[in-house]
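# Reading the structure
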Amino acid sequence: MDVLLLLEGTFPFVAGGVSSWVNQIIRGFPDIRFGAVFLGSRPQDYGDMRYALPDNLVHLQVAYIYGDHETPPIMPVDADDETMAMVEDVHSLFETDMRAPQCEHMFAQLMDEAGPDGKLSQEVFLYSKASWEYIKKSYRRRSTDPSFVDYFWTIRTIHTPFWRLREVALSCPKARVYHAISTGYAGILGVLLKHRNKRPLMLSEHGIYVKERKIDLYQAQWLKDNRSVFDRDPSRVSYFRQLWIRFFEHLGYVTYQAAGDIIALYEANRQRQLQDGAPPERTANIPNGIDVARFAQLRSQRDPVVPKVLCLIGRVVPIKDIKTFIRAMVTVVKHLPEAQAWIAGPEEEAPEYAQECRDLAAQLGLADTVKFLGFQQLTDLLPKVGLVVLSSISEALPLVILEGYAAGVPTVSTDVGSCRQLVFGLPGEDAALGASGRVVRIADPDALAQAALALLADEAEWQRASDAGIRRVEKYYAQDIMFARYRALYERNLQWQA
Amino acid sequence: MNPIYWTWSAVAADMGLLLSPLVSSTSLLSFWAVLITHALVTAVAGLATYLMLPRRFQQPRLAVTLLMFTFAFVAPVIGAIALLVMVRANLRKPVEDARFAVPLSLDLPLYDVQPEERHRSGQGAIRSRLNEDVPSAVRMQSLLTLQAVPSKVSNPILEELLGDATEDVRLVAFGMLDAEEKKIAKEIRYESERQHRQLSKAQRYDSLRRLAELNWELVYACLIQGELRQHILRQARAYVDEALALSVPPGSGLVFLQGRILLELGDAEGAERAMLRAMDLGQPKTSALPYLAEIAFQRRDFSQVGLFMQQLSSLNLASRTRAVEDFWGKRDYEINYRDRKYLPHI
């Protein structure tokens, strides 16, 4: 096997931008033999495969971090003093937030001992007195939350995936290059595989995993905060929240230290990787690209009159903030009564949210204006659409905008990820192509509606945006450009000799 | 049936086969009969012992099953018994270990938690700590502080932060606003569904009142803006009108709400009528008079404002209203400033 892709919660079981990109990359290099490891949380969280597997995907391994594997039977076990000292060293690096590049090797060496016969087996972690004493000591030294019981279980939960990841790393076939598509658990699996097999690790990040986990954790309701009313200071993040955030920050940092090539989709994300500890000389930007020719032929199918159809293409999930799109339609139909809102995307991932969206449309009297189309073939859909709308609260470099451009459809997008760059271009030649749509603030239905109206009600303006979009996607976002850059990276890494 | 019984049955069958006259027969047919029966019995023993193995020894499945089979096949009866002994010993070991382990009494650590370093900020400091030139960790902490601030105050700040340059800040602000909106929307859905049920007049009145209040809450908590805000206000007014049209004696609260909605919609005359009626129905003067004064102020009828304010002077007022009342009653002296917090929020 040439390249083993390390995927967390994406291809082939979850549909979405990252999964489509993975599919595109595998199919784009038919001469490379790919393998993939899918890491999921629990089996029941995923359904059937959402993608047909490409012929050059020669291995697919599915592993669940919190699956139903056995906990070792309870038995007396002694910990080795030297190993515990090593555990303490690694933790003191992490706990004091020290950025030590050697942490990658320390961590990997520690994991070498994590096998059933090693000095740091799961039994040692779970049942040894030394482990208990160390947890107690850490609690006394660091915890600002009064509950030792919660601290104890948080520590157990946080650490458990490492033994699982080690098992997965042992069972993975050898590959010439390991390519993680995120930091987090997939990244750590990459660190272990690199250490074990002495082959290069690449990292391509679409969103920034650490940032996304942090945002989730800041808002998570399941994290305990046992401070008394007298101790509770709302401006202080609770200890367990901090602990989880630090945990993911360190997973990211260790992965960045291990990866030889760290790829972001656009500059703001690369800057974020640097901020999180990525060595600058290993980072680069490779934007997404699409098959322009496939969508270009749709332009001839378009009606000369711009259809007054605003289409949001994407999964019906909270991150897409479909409610803002629906709310914007209140204003749009007031000024353009024939306007229609289409929401084209699968609803299975968050059926409750999809129902909330339908209820909102009904509540706002928009049941006839807002249509939920489910999953649609873009080649059928795009010729009938006047605007591609993206109301997401977070994106990286959304392919639907590029696909719309190639089909001659401008966009109105929220100012997230690289959308501003996609609409106005990077400074220089790209920006000189003109605006290929509008960018608005997140969660601002009025601004979204006004931007859409400005394009839909003015055919000349719409045409200018459409032309700019076509030129932009052809010049900067064709998939050949992306493939050429990845080919160079793969070739260099495949030829790497220890 | 438990695999152990299958194994013992196989052992018994194998034993029976060995003692049978077939074994001593020299015909080819007997030889094949013995061989095939032994193979079948051995397969049962092999499979059953495989199933009894701890899961960690069961991989690779085919190789382990074949090993078991071969072991039982080459040594009739004894092989199967040896397998059983081996498996039992393995199964028992952790149990035995656990049984004979000396339980340890572990002492729970004392609650000697280090108190956090305190840097409490007044609410007024939060806004400045949210400025874009402040380090992002401090901004995130300040953002979380807003959870402890009334939503009427925090939501406009969160709303501003939706346009922040830092994505983390934007997303956390969005999450906080979204969680609140979601809570209200859920209740609106519940009440809207109730409207389709068979309800008594009093129940329908309550449900419509609740719907009006919830829609008003979206406006009051600054969760919606622009055209949508107007739409929701009109919807709230429609619920109030529908409730008041039912022949149920109206409560002063609903009429007061009607006044506030009309005032927001720009219908000052309607709002004034509703406020006066609400007072007739028992709405406390402290809540209705300031709005009546506001309406008079909008009309530029300052003498009327003074009269309403005069009526307020003898009432127990919130400090912010008291400041306004002092101004109109010409008691706005500097000495009073120290005694009250004009802006207890931000």
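Fair warning: this is a prediction, and the values are worked out from it, not measured in the lab. (Residues numbered from 1 in each chain as written. Chains lettered and ligands numbered in written order. Predicted model: local features only at pLDDT ≥ 70, side-chain atom pairs only at ≥ 80, totals over all residues. Heavy atoms only, no water.)

### Some thoughts on the overall build of chain B
Note the cut-off: For the purposes of this entry, the term helix denotes a DSSP run of H or I that reaches at least four residues, the term strand denotes a run of E that reaches at least two, and both are numbered from the N terminus. Relative accessibility under 20% of the residue-type maximum defines a buried residue, over 50% an exposed one, and the middle range a partly exposed one, all with a 1.4 Å probe and only protein chains included. The contact rule is simple, with two residues in contact once any of their heavy atoms fall within 4.5 Å. Per-residue and other accessible areas follow the Shrake-Rupley method at a 1.4 Å probe size, with only the shown protein chains counted as cover for residues.
Each helix and strand in chain B was counted, giving 17 helices and 0 strands. Counting only residues that meet the buried cut, chain B has 39% of its 346 residues in that class. In chain B, the proportion of contacts linking residues at least 24 apart, taken out of those at least 6 apart, comes to 52%. As displayed, chain B has an accessible area near 19,800 Å², and 60% of this comes from carbon and sulfur atoms.

### A few points about the overall build of chain A
Operational definition: Note on method: radius of gyration uses C-alpha positions; expected globular size equals 2.2 Å times residues raised to 0.38. For the purpose of charge, His is not counted, nor are the chain termini; Lys and Arg are scored as positive and Asp and Glu as negative. Each charge is placed at NZ for Lys, CZ for Arg, CG for Asp and CD for Glu.
For chain A, the helix and strand inventory stands at 20 helices and 13 strands. What you see for chain A is a C-alpha radius of gyration of 25 Å, in line with the 23 Å of a compact globule of 498 residues. Each principal axis of the C-alpha distribution contributes one length, and for chain A these read about 80 × 60 × 40 Å. The proportion of buried residues among the 498 residues of chain A is 61%. For chain A, restricting intrachain contacts to residue pairs at least 6 apart in sequence, the fraction spanning at least 24 positions comes to 75%. Total accessible area on chain A is roughly 19,600 Å²; 52% of this is exposed by carbon and sulfur atoms. A distance of 2 Å separates the average location of the 55 positive side-chain charges in chain A from that of its 62 negative side-chain charges.

### Considering the packing of helix H12 (residues 322-335) of chain A against helix H18 (residues 445-456) of chain A
Residue and element names in this part refer to chain A. We apply this condition: Geometry is summarised by axes, namely lines fitted to C-alpha atoms with helices restricted to the contacting stretch, and by angles between N-to-C directions that run from 0 to 180 degrees. Angles below 35 degrees are treated as roughly parallel, those above 145 as roughly antiparallel, those between 65 and 115 as roughly perpendicular, and all remaining angles as oblique. Should the near helix be turned anticlockwise from the far one by less than a right angle, the crossing is left-handed, and should it be turned clockwise, the crossing is right-handed.
At their nearest, the axes of H12 and H18 sit 8 Å apart, and the two run at 50 degrees to each other. Judged on the interaxial angle alone, H18 and H12 are oblique. The two elements H12 and H18 cross, and the hand of that crossing is right-handed. Between H12 and H18, the residues in contact are Thr-324, Phe-325, Arg-327, Ala-328, Thr-331, Val-332 and His-335 and Pro-445, Asp-446, Leu-448, Ala-449, Gln-450 and Leu-453, respectively.

### A few points about a nonpolar patch on the surface
Defined as follows: Patch members must show over 30% relative accessible area and no salt bridge, and they are joined within 9 Å when carrying like charges or within 5 Å when they are nonpolar side chains of Val, Leu, Ile, Met, Phe, Trp or Tyr. Every case where a carboxyl oxygen of Asp or Glu lies within 4 Å of a side-chain nitrogen of Lys or Arg is listed as a salt bridge.
Among the surface-exposed residues, Leu-28, Phe-31, Trp-32, Leu-35, Ile-36 and Leu-40 of chain B lie close enough to one another that they form a single nonpolar patch of about 630 Å² accessible area. Mapping Leu-35 of chain B onto the fold places it in helix H3 (residues 28-52).

### Notes on the nonpolar core
Quick note on the threshold: Nine residue types can take part in a nonpolar core, namely buried Ala, Val, Leu, Ile, Met, Phe, Trp, Tyr and Cys, and a core is a set of them joined through side-chain atoms within 4.5 Å. Either an automatic procedure or a domain database provided the assignment from which the domain bounds are taken.
With 196 residues, the main nonpolar core has Leu-6, Leu-310, Ile-326 and Met-329 of chain A together with Leu-143 of chain B as its most contacted residues. In terms of residue count, the dominant contributor to this core is helix H9 (residues 239-258) of chain A (12 residues). Looking at which domains feed residues into this core, each of domain 2 (123-179) and domain 3 (195-283) of chain B gives three or more. The contact partners of Leu-143 of chain B, leaving out residues within four places of it in the chain, are Leu-130, Leu-158, Leu-161, Val-169, Val-172, Ala-173 and Met-176 of chain B. Ile-32, Tyr-51, Leu-489 and Tyr-490 of chain A belong to the second largest nonpolar core, which has 26 residues in total.

### Considerations on the sheet that holds strand E2 (residues 34-40) of chain A
Residue and element names in this part refer to chain A. Basically, it comes down to this: For two strands to pair, DSSP has to find at least two bridges joining them.
Reading across from one edge, E3-E2-E1-E4-E5-E6-E7 is the order of the 7 strands in this open sheet, with parallel pairing throughout. The two strands at the open ends of the sheet, each matched to only one other strand, are strand E3 (57-64) and strand E7 (283-285). Pairwise comparison of adjacent strand axes, ignoring direction, gives a mean angle of 20 degrees for this sheet. Where strand E1 (residues 3-8) meets strand E4 (residues 177-180), 4 bridges bridge the pair, whose relative direction is parallel. The residue of E4 that forms the bridge with Leu-5 is His-179. Where helix H7 (residues 184-197) meets the sheet, it contacts E1, E2, E4 and strand E5 (201-204), and its direction lies at approximately 150 degrees from that of E1.

### A word on the domain arrangement of chain B
The domain boundaries assigned to chain B delineate domain 1 (3-94), domain 2 (123-179), domain 3 (195-283) and domain 4 (292-346). Summarising the inter-unit geometry, the C-alpha centres of domain 1 of chain B and domain 3 of chain B are found 82 Å apart.

### Brief notes about the confidence of the model for chain B
Rules: pLDDT gives the predictor's per-residue confidence on a scale running from 0 to 100.
In the predicted model, chain B carries a mean pLDDT of 83, and the fraction of residues at 70 or more is 84%. For this predicted complex, the interface confidence score (ipTM) comes to 0.80, while the overall pTM stands at 0.75.

### What about the environment of Leu-390 of chain A?
Residue and element names in this part refer to chain A. Relative to the helices and strands, Leu-390 is located in strand E11 (residues 387-390). Overall, the relative accessible area of 2% leaves Leu-390 in the buried class. A sequence separation of 95 residues divides Leu-390 from Arg-485, and the C-alpha atoms of the two residues are 28 Å apart. Beyond its immediate sequence surroundings of up to four residues, Leu-390 is in contact with Glu-395, Pro-398, Val-400, Ile-401, Val-412, Ser-413, Thr-414 and Cys-419.

### What about the pattern of salt bridges?
Enumeration over the complete set of coordinates arrives at 44 salt bridges over all chains. With its nearest N and O atoms 3.0 Å apart, the salt bridge here joins Arg-315 of chain A to Glu-349 of chain A. Here the residue Arg-315 of chain A occupies a position in the loop between strand E8 (309-313) and H12, and Glu-349 of chain A occupies one in the loop between strand E9 (340-344) and helix H13 (351-363), the gap between them amounting to 34 residues. Look at Glu-349 of chain A and you get partly exposed, because its relative accessible area is 47%. Between Glu-491 of chain A and Arg-487 of chain A there is a salt bridge, with its nearest N and O atoms 3.9 Å apart. Taken as a pair, Glu-491 of chain A and Arg-487 of chain A lie in helix H20 (residues 479-494) at a separation of 4 residues, close to a single helical turn. Taking the relative accessible area as the measure of exposure, Glu-491 of chain A reaches 39% and is therefore partly exposed. What makes Arg-487 of chain A partly exposed here is its relative accessible area of 27%. Bridged by salt links that share partners, the residues Glu-187, Asp-206, Arg-209, Arg-210 and Glu-213 of chain B form one connected network.

### Regarding the packing of aromatic side chains
Residues and elements named next belong to chain B. Filter applied, for reference: Stacked, edge-to-face and tilted are the three classes for Phe, Tyr and Trp ring pairs, Trp counted by its six-membered ring, which pair at centre distances within 6.5 Å; planes under 30 degrees apart are stacked, over 60 edge-to-face, the rest tilted. Two thresholds decide whether a charge sits over a ring: the Lys NZ or Arg CZ must be within 6 Å of the ring centre and within 35 degrees of the ring normal.
Applying the stated criterion across every chain, the model contains 35 aromatic pairs over all chains. Ring geometry for Phe-297 against Trp-328: centres 6.3 Å apart, planes inclined by 90 degrees, an arrangement best described as edge-to-face. Pair noted here: Phe-297 is in helix H14 (residues 285-298) and Trp-328 is in helix H16 (residues 319-328), with a separation of 31 residues, a long-range link. Sitting above the plane of the Tyr-220 ring, Lys-152 keeps its charged end 4.6 Å from the centroid. Over the ring of Phe-297 we find Arg-300, and its NZ or CZ is 5.4 Å from the ring centre.

### What about helix H1 (residues 17-28) of chain A?
The following threshold applies: Every helix has an expected span of 1.5 Å times one less than the residues it contains.
In a regular helix each residue adds 1.5 Å, so 12 residues correspond to 16 Å; H1 of chain A covers 16 Å between its end C-alpha atoms and thus fits that length. Those residues of H1 of chain A that are buried lie in contact with E1, E2, E3, E4, E5 and H20 of chain A.

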